[in-house]
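If you want the building blocks of each chain, they are given just below.
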Amino acid sequence: SKFLASRGFSVIAIDYRYSYFHNYEELIQDYSTALDYVKTNSNKLKIDKNKIVLMGTSAGGTLSLYYAAFNTFYNNLQAMEGIRGVIAWYAPADLLDLWSVDSLFAKVAVVTTMKGSPNKKIENYKLYSPINYISERMCPTLLVHGEKDTTVPVDSSKKLYKKLKEHGVHAKLLIHPEGNHSFELDLKDFFTIKYVERTVSFAKDLCE
């Protein structure tokens, strides 16, 4: 947040209820309510409500992708008003992908969020996976992922990128060859610095 602010962005962090105690629909409601508040109070917050870029990492990235994909899929113009694009770092685009890695943390997290395993709640996994709502109306999207992510498989972003391109959506995919989950917190190498800078450039280009 501080880094983005230093580059001239107004950064607003959206908080939402924990999935341990609430269902995913309530998390989405929190996200939507927060965005509505930001737009309604843009003057007080001193931001341009017509230049909003949704961004998140991991689960936050999934919520950002879901909000944009769902509302563009159903052509909800009011919800998407002012939103220029979405940026997601190592976010599961298909929640079923979390079962393809040997990560107890990932499986416990998604089971808790979906209130069951795919065997019992397969419809929930499909219902809340952003990849299932991609259309030609999807806003510009930047995906960043680590090739060696053992929590959220890089294939999740690769699949989403492929589907975005198939629908003619302006999309970019950046893959760190050595990156694991949250790699930007540990790696300060050339690729990490480059991808952070390209994230900033992508957001700036959207807001021109």
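All values derive from a computational prediction rather than experimental measurement.

A. The environment of Ile131, seen in detail. By secondary structure assignment, the location of Ile131 is in the loop between helix H7 (118-127) and strand E3 (141-146). Classification of Ile131 as buried rests on a relative accessible area of 8%. Along the primary structure Ile131 and Leu160 are separated by 29 residues, whereas in three dimensions their C-alpha atoms are 5.8 Å apart. If sequence neighbours within four positions are ignored, Ile131 has contacts with Ala93, Asp94, Lys159, Leu160 and Lys163.

B. Quick peek at the pattern of salt bridges. Within the structure shown, the criterion is met by 6 salt bridges. Close ionic contact of Arg137 with Glu136 constitutes a salt bridge, the shortest N to O distance being 3.6 Å.

C. Here's a closer look at the environment of Lys2. Residue position: Lys2 is located in helix H1 (residues 2-6). Given the relative accessible area of 78%, Lys2 is considered exposed. C-alpha separation for the pair Lys2 and Glu147, spaced 145 residues apart in sequence, amounts to 26 Å.

About the criteria used
Each chain carries its own residue numbering, running from 1 in the direction its sequence is written. pLDDT decides what is reported in this predicted model: residues at 70 or higher carry local features, side-chain atom pairs at 80 or more are listed and counted, and totals for whole chains, interfaces and linings draw on all residues regardless. Side-chain metrics in this entry use all non-hydrogen atoms of the structure; hydrogen atoms and water are not considered. The helix count covers DSSP runs of H or I at least four residues long, the strand count covers runs of E at least two residues long, and both are numbered beginning at the N terminus. Summary of the burial criterion: residues with accessible area below 20% of their type's maximum are buried, those above 50% are exposed, and those between are partly exposed, where the area comes from a 1.4 Å probe applied to protein chains only. Contact criterion: two residues are considered in contact whenever any of their non-hydrogen atoms come within 4.5 Å of each other. What counts as a salt bridge is simple: a side-chain nitrogen of Lys or Arg found within 4 Å of a carboxyl oxygen of Asp or Glu.

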